[in-house]
Amino acid sequence: MRLPERDRPWVMRTYAGHSTATKSNELYRGNLAKGQTGLSIAFDLPTQTGYDPDHELARGEVGKVGVSIAHKADMHALLDGIPLDEMNTSMTINATAAWLLALYMTVAEENGVGRAALQGTTQNDIIKEFLSRGTYAFPPEPSMRLIADTIAFTVEEVPRWNPVNICSYHLQEAGATPPQEIAYALSTAIAVLDGVRDRVPEETFPRVFGRISFFVNAGIRFVEEHAKLRAMGGLWEELGRERYGVEDPKFLRLRYGVQVNSLGLTEAQPENNIIRIVLEALAVTMGRDARARAVQLPAWNEALGLPRPWDQQWSLRIQQILAHETDLLDYPDIFEGSVVMEGLADELVDAARAEMAVVAEHGGAVAAVGYMKTQLVESHRTRMGRIERGEQKVIGQNVFTEHEPSPLQEGEDGGILTVDPAVEQGQIEALASWRSSRDDAAVDAALTALGEAAADPGVNLMPLTLAAARAGATTGEWAGALRAVFGEYRAPTGVADAAAAVSDYALDELRDRVERVSEALGRRIKILVGKPGLDGHSNGAEQIAVRARDAGMDVVYEGIRLTPARIAATAVQEGVHVVGLSILSGSHAQLIPTVLDELRDAGVDVPVVVGGIIPPADERALLAAGVARVYTPKDFQVSKIMGDIVDLVAERYGAGTPA
Amino acid sequence: MTSEGRDLGARLRSRDLAAAPAALNLIEDRSPGARDEAARLLAEVSPAALGGEAPAHLVGVTGPPGAGKSSLLSVLVKEWRDAGRTVAVLAVDPSSRRSGGSLLGDRARIDHDPRDRGVLIRSTAAGGRLGGLAAPTRQAAQALAAAYEVVVIETVGVGQSETDVEEVCDTVAVVVQPGSGDTLQFIKAGIMEVPDVLVVTKADLGEAAARARRDLDAALRSLGSHEVPVVAVSSVPPPQGIEELVSALEGHRSALDLPLRRLRSRRMMALGELVAEHGDSALRGLGGRRAAERRLTREDPAADVAALVRALRAEAGVE
Ligand code: B12
Ligand SMILES: Nc1nc2c(ncn2[C@@H]2O[C@H](COP(=O)(O)OP(=O)(O)OP(=O)(O)O)[C@@H](O)[C@H]2O)c(=O)[nH]1
Ligand SMILES: [Mg+2]
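Keep in mind that what you see is a predicted model, and the values were worked out from it rather than measured.

Caption draft 1: Region of the structure containing the coordination of the magnesium ion (ligand 3). Residues and elements named next belong to chain B. The protein atoms that coordinate the magnesium ion (ligand 3) are Ser70 (OG), Asp106 (OD), Asp106 (OD) and Glu154 (OE), at distances of 2.1 to 2.7 Å. Because the angles between the six donor atoms bound to the magnesium ion (ligand 3) fall within 49 to 175 degrees, the donor set is best described as irregular. Linear spacing of the donor residues for the magnesium ion (ligand 3) on their chain is S-x35-D-x47-E. Note that serine 70 is positioned in helix α5 (residues 69–82) and glutamate 154 in strand β5 (residues 150–156), a separation of 84 residues in sequence. By relative accessible area, serine 70 is classed as buried at 6%.

Caption draft 2: The arrangement of the domain arrangement of chain A in detail. Residue and element names in this part refer to chain A. Parsing chain A into structural domains produces domain 1 (11–401) and domain 2 (505–652). Distance from the C-alpha centre of domain 1 to the C-alpha centre of domain 2: 32 Å. Summed over both partners, the interface of domain 1 with domain 2 comes to about 2500 Å²; 52% of that surface belongs to carbon and sulfur atoms. There are three salt bridges connecting domain 1 and domain 2. The partner of arginine 381 in a salt bridge is aspartate 550, and the shortest N-O contact between them spans 2.8 Å.

Caption draft 3: Inspection of the site of ligand 2 at higher detail. All names here are of chain B. Around ligand 2, a shell composed of 17 residues is seen, among which Lys69, Ser70, Ser71, Asp204 and Ser235 lie nearest. Between ligand 2 and the protein, one listed contact pairs an oxygen atom with a backbone N or O atom of glycine 68 at 2.9 Å. Serine 235 is positioned with one of its backbone polar atoms (N or O) 2.7 Å from an oxygen atom of ligand 2. Out of a free accessible area of 650 Å², ligand 2 has 75% covered by protein chains. Broken down by secondary-structure element, the contributors of at least two residues to the shell around ligand 2 are α5 and β5. In terms of residues, the shell around ligand 2 owes the most to one element, α5, which gives three residues. For the shell around ligand 2, the class distribution of residues is five nonpolar, six polar and six charged.

Caption draft 4: Representation of the interface of chain B and chain A in the model. Listed per partner, the contact involves 25 residues of chain B and 35 residues of chain A. Buried surface at the junction of chain B and chain A, summed over both partners, amounts to about 2600 Å²; 46% is from carbon and sulfur atoms. Among the residues of chain B in contact with chain A, Leu103(B), Arg107(B) and Pro114(B) are the three that bury the most area, contributing 23% of the side total. Of the charged contacts, one joins Arg115(B) and Glu56(A) as a salt bridge, the two residues approaching to 4.0 Å between their closest N and O atoms. Contributions of two or more residues to the side of chain B that touches chain A are made by α2 (20–28), β3 (102–104) and β4 (119–125) of chain B. With five residues, β4(B) is the largest single contributor of residues to the side of chain B that touches chain A. Class assignment of the residues belonging to the side of chain B that touches chain A gives a composition of nine nonpolar, eight polar and eight charged. As paired elements, strand β12 (residues 554–557) of chain A and β3(B) share three bridges and run parallel to each other. Residue pairing in the sheet places Asp554(A) in a bridge with Ser102(B) of β3(B).

Parameters at a glance
- Residues numbered from 1 in each chain as written.
- Chains lettered and ligands numbered in written order.
- Predicted model: local features only at pLDDT ≥ 70, side-chain atom pairs only at ≥ 80, totals over all residues.
- Heavy atoms only, no water.
- Donors = N, O, S within 2.8 Å, 3.2 Å for Na, K, Ca; no water.
- Tetrahedral: all angles 85-135°; square planar, octahedral: opposite > 155°, others 65-115°.
- Helix = DSSP H or I, 4+ residues; strand = E, 2+ residues; numbered from the N terminus.
- Buried < 20%, exposed > 50% of the residue type's maximum accessible area, 1.4 Å probe, protein only.
- Domains from an automatic or database assignment.
- Buried area = accessible area lost by both parts, 1.4 Å probe.
- Salt bridge = Lys/Arg side-chain N within 4 Å of Asp/Glu carboxyl O.
- Near = heavy atom within 4 Å.
- Polar contact = N/O pair within 3.5 Å; in protein donor to acceptor, adjacent residues only side chain to side chain.
- Areas by Shrake-Rupley, 256 points an atom, 1.4 Å probe, with all protein chains shown as cover.
- Nonpolar A, V, L, I, M, F, W, Y, C, P; charged D, E, K, R; others polar.
- Contact = heavy atoms within 4.5 Å.
- Pairing = 2+ DSSP bridges.

As structure tokens, this is what we get:
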């Protein structure tokens, strides 16, 4: 009934990083001193998408949601004083994973640590970037090749490294149901494994299979969520045996790290989030047979803005109390033989299998990106509709909304961390001086060689990437050399194919209003939903776009990652009546005024509404700058937002009295 | 008296591209006042006002969903812009056939420099049936043709429904992807009108594209259409076949009796508008379609569509 010896706890991490490498290094040392046992690096969006800090698209984003790493000296500063032969480092990096791994290896090498000793993970799962996360850089085919290259390289050269971490986490954050989460993640794993199969010797393949790890999510229905992990473990083992002929049980075990659900964490009564986080942490630690290898938890202020060191400490303490105070680690699997748990797991296995078959019919995960994206948009619409109608209770948000003022938000900082916008200029200057101090000829030669190799799919790009890192190339230069060969890409948005909404009273009423105002305008109300900057948070924009369509408006939505200039040009060319902008990455203070300027320069005089993570002080500033309305996560009633927009249009164009 | 429509039309005629979005707004506007202004606008860009046919090359790009039309336009637009030609694209969105709202996302797939004032992309609602063009789209094409050097209409069509595009455009390119046997069957069975240029996309996929091109070539030859070019292109880097395609489009256009094609196009549009407004009974009142077509030949060749519709209405006694 008890284990002979208490289990060792999972690796405890905090997803952290912001501003400069030096600042983040201080943060990491502080976290390690508090008992954190691994590193989890958050990079800023330019680094993740392969742009240098001085690129047009990097404006407002440098050092914001993660650390800016432009070249090997930045990586040296980031890891300063951290023993790389002992540390287990997780890097949330995808499109540019090969590059950041190369920088990491270069720093280790220059510090005298051999590759074989390095332990950690590069996330490196591009499919979920197309589906949810948005930090892709190249089209699907060459992206998959880069992944195969890193796997084939590390399995020999950096054997303790997890070259890919297939993510279901981000799928749930984009609205996936548990079966979708399992099915799309495993289908992605198949695409990755099939891609690497002919890039390694046959006898190495079982080891490759064993190096694939997962990054999963756990939502508030924590019993079912635990069953989900058991289901996933079973399917993974089956896949290994049946599709890939892997036999060694060591390689067949599902290894996963976790970040628990953040989508369900609320802006309303944010202190309640800590309780949600604890329960979700149980989902991934309760049963020993399906326990996480590594855990990182979000903070109570998730929906307000970036967490401060104290907020992250609180979340780390949850893990430590679970591991060290409770008796969780004393027992073998506590659900062994549980009829309920096994029944739940079986149900999920069946549903996931069916969905995997659909993906396979589409030609596998790469070909099915458009299909899967549409499914996620639809699932998310269902989820939001249930919350909006009160069918899914969210304490403090749609039920039990009476509350005392929260002392947690009373401080001068409003309870969040804000990154100094001056960091951007500093990084731009630092980059300029780096460029002037290096051997340009060596960099050019390395990049030319990289570009040539990229054109030949038979070559592994890792060694050439390492050469460019050593020579002193920058993140933007590495990605630029590859973009020149691979081209650019825009992922499908999933919105156009989302089925028309089932009509209900609220929608019918809204449609009537849209119809009336459109009639008075002479044209159907036309709205542009725009996502300026590098922000990949598309959920809000997608749901607004789909609902506006369902309400009867003509909606122009071009997806994520647009320059302010492009948004303004679209607004002019499409002749829209209203512009809606969505920013969650914290760059609104820089980007929204820029969009307003561009619109003005282009002669577009239409109301502009903004939604996203906008702290109250910034909201006031935006309204003063000319924004008509600001919405944040607390405005969960999308139909109400739509009504507002119709009234706004009616008012602005004198098209009938607002209802 | 100043007229918004006349003013916008005059600006388009003098190639003031900044007038285009407002002109399109007006053309789409269904309120009675706006209809009158739109008629004035169109009169300003009629052959009579222009002293000849509008100079633009009107190109239809049509084909099955996902064939690669928008990706191809990304490269074509760049090619045309590099050659110094201004381009307007009307992207017809099939989703808006449903009643009510629409989600217009096609423009996202057409790469372009947003700061380049020489490119315009406008999403526009589809007509009632697949491949059909709504009246505002046809009028938009006419208006833009006065100001831009190339005007493209992108529509979804599956091989037998492109008649509207043919009516409006000088040159129609049907775009198919490798492995799409439908088009081949339609051509062989004579269901599909032979296009002016046939494009096989995704040439980077190798053998499949080459095979599709050969099969289509053979099918066209067996029908006796020796002059229809079949061009294989790739829109992913490095692009292939683009210069060949541009010159195939050019070639078709320069071999064309343009005034005749445009004249026919105006007559077809007038008949279409008559039927759209007054139903088939109006046609019967004219003694049937053929008689109506004959009736139109009596009108001034430089008359614009609105004038032709007026003439037909008067003759049919509908108002
Ligand atoms: C889901 C989520 C994700 C998903 C996004 C999936 C997707 N495709 O959208 C995933 C997991 C991929 C993700 C990733 C990241 N995330 Co995130 N994410 C969230 C989370 C938990 C919820 C956001 C959400 O989707 N809510 C549901 C939608 C429907 O709500 P909404 O967008 O707020 O929209 C509502 C209103 O705001 C408004 N609205 C929004 N837009 C618009 C537009 C218009 C026109 C109108 C009228 C209204 C409107 O109406 C909506 C209806 O209620 C938030 C925290 C939170 N709980 O809010 C963090 C959060 C936004 N993420 C954050 C960060 C840092 C990241 C990363 C950048 C981390 C990193 N360093 O890599 C990455 C990278 C993402 C990228 N490429 O930009 C931070 C941003 C910090 C800041 N602003 O200072 C947050 C706040 C978490 C935190 N506290 O740290 N994330
Ligand atoms: N390999 C390859 N893929 C292409 C090429 N052109 C387009 N595609 C892909 O084909 C898909 C459809 O491309 P689009 O350009 O959107 O096709 P479309 O015909 O405009 O589609 P709809 O407007 O939706 O009917 C996308 O996934 C493109 O990336 C090409 O030349 N080669
Ligand atoms: Mg298209």
